[in-house]
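Observations on the three-dimensional arrangement
Given next are the chains, with one letter for each unit.
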Amino acid sequence: FNSLLNVSLTGTTPGSEIRYTTNGSVPSQSSTIYTSPINLTASTRIRARAYVPNFSAGPVASDTFFRLAADLQSFTSDLPIVVVDNFGSGGFPSAGSAFQAMEMAIFDQQVGNGRSALTNVPELVTRGGAHKRGSSTGGQPKPNLRIETWGDGDNDDASVNLLDFPKESDFILYAPYSWDRSFMHNAFMYQLSNEIGQYAVRTRFVEVFANTGG
């Protein structure tokens, strides 16, 4: 969305009440009770569940809404677009640290014009965690990131289908920066290795937007 967004929540069980959070935590009976549409002005993850007297709590439902800056509404790319958003938590933690919770969305090329756009329907939206990867590269302005995709619980690994890779929950966003200004040396050798029948990691070139400022 690009300005104000009102989000409505509905339940299917008569007599139920919905409680929700916007800070990423799992809703409980002490969470905010839903009474009217939720007004969003920034990127937000809403998590909600229904409660019915004398029954167990319903399953957690989550959805994430990204606010697009004006200069991104018309942005397109001939590469897939990856959005990593930690909802204003600042820079990503260093390598070896605990994963920082985030949301990741993948926008792949569309049939017809072969372009990716942030206004298209995403191919994948998933909860997950991220931290920096590398030692000598750990402080570079464009960091490498280790990504882990999660289910409903934090650090609850959930394998996903991402950009035609085999289903997996662990990925690397590799940013060569000053070490390989062509961005191609590793990917080229990996491809040659695969073509002669030897194992090498699979790679895809992507555009990355890492939003750490909210």
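A quick note: this is a predicted structure, and the numbers were derived from the prediction, not measured. (Residues numbered from 1 in each chain as written. Predicted model: local features only at pLDDT ≥ 70, side-chain atom pairs only at ≥ 80, totals over all residues. Heavy atoms only, no water.)

On to a nonpolar patch on the surface. Residues F183, M184 and F205 make up a contiguous nonpolar surface patch of about 300 Å² in total accessible area. Take F205: it is sitting in the loop between α1 (185–195) and β14 (207–211). Residue classification places F205 among the partly exposed residues on the basis of a relative accessible area of 43%. (Patch = residues over 30% accessible without salt bridge, like charges linked within 9 Å, V, L, I, M, F, W, Y side chains within 5 Å. Areas by Shrake-Rupley, 256 points an atom, 1.4 Å probe, with all protein chains shown as cover. Salt bridge = Lys/Arg side-chain N within 4 Å of Asp/Glu carboxyl O. Helix = DSSP H or I, 4+ residues; strand = E, 2+ residues; numbered from the N terminus. Buried < 20%, exposed > 50% of the residue type's maximum accessible area, 1.4 Å probe, protein only.)

In this section: the nonpolar core. Residues V84, M102, M104, I106, I147, L162 and F171 are the most contacted members of the largest nonpolar core, which totals 16 residues. For this core, the elements supplying multiple residues, two or more each, are β8 (81–85), β9 (100–107), β11 (124–133), β12 (144–150) and β13 (170–173). By residue number, the principal contributor to this core is β9, which donates 3 residues. Beyond its immediate stretch of four places on either side in the chain, L162 contacts M104, I106, L124 and F171. Listed in part, the 9 residues of the second largest apolar core include I18, Y20, Y34 and I46. (Core = buried A, V, L, I, M, F, W, Y, C linked by side-chain atoms within 4.5 Å. Contact = heavy atoms within 4.5 Å.)

Pairing is antiparallel across the open sheet formed by 4 strands, whose spatial order is β3-β2-β5-β6. Looking at the sheet topology across the chains shown, the edges are occupied by β3 (32–33) and β6 (61–65). As judged from the 2 bridges shared by strand β2 (residues 17–21) and β3, these two strands associate in the antiparallel manner. Among the inter-strand pairings, Y20 is bridged to a residue of β3, identified as T32. (Pairing = 2+ DSSP bridges.)

The buried fraction of β11 amounts to 7 of the 10 residues, a majority that puts the element mostly inside the structure. By the bridge criterion, 7 bridges tie β9 to β11 in an arrangement that is antiparallel. What sits directly across from A101, in β11, is G129. In the sheet, β11 pairs with β12 via 7 bridges, with the strands oriented antiparallel. Along β12, the bridge assignment pairs G128 with T149.

Along the chain, S77 turns up in strand β7 (residues 76–77). Looking at S77, the relative accessible area reads 2%, which means it is buried. Among the polar contacts made by the side chain of S77, one reaches the main-chain amide nitrogen of L79 at a distance of 3.0 Å. Not counting chain neighbours up to four residues away, the residues in contact with S77 comprise G114, R115, S116 and E207. (Polar contact = N/O pair within 3.5 Å; in protein donor to acceptor, adjacent residues only side chain to side chain.)

On to the sheet that holds β11, then. Picture the strands of a sheet paired through backbone hydrogen bonds; they go either parallel or antiparallel. Across the sheet, 6 strands lie side by side as β13-β12-β11-β9-β8-β14; this open sheet has mixed pairing. Every other strand in the sheet has two partners, leaving β13 and β14 as the edge strands with one partner each. Across the sheet, the mean angle separating the axes of adjacent strands is 30° when strand polarity is ignored. Of the pairings in the sheet, the one linking β8 to β14 comprises 5 bridges and is parallel in character. Looking at β14, one finds that I81 is bridged to E207. (Axes fitted to C-alpha atoms, helices over the stretch in contact; angles between N-to-C directions.)

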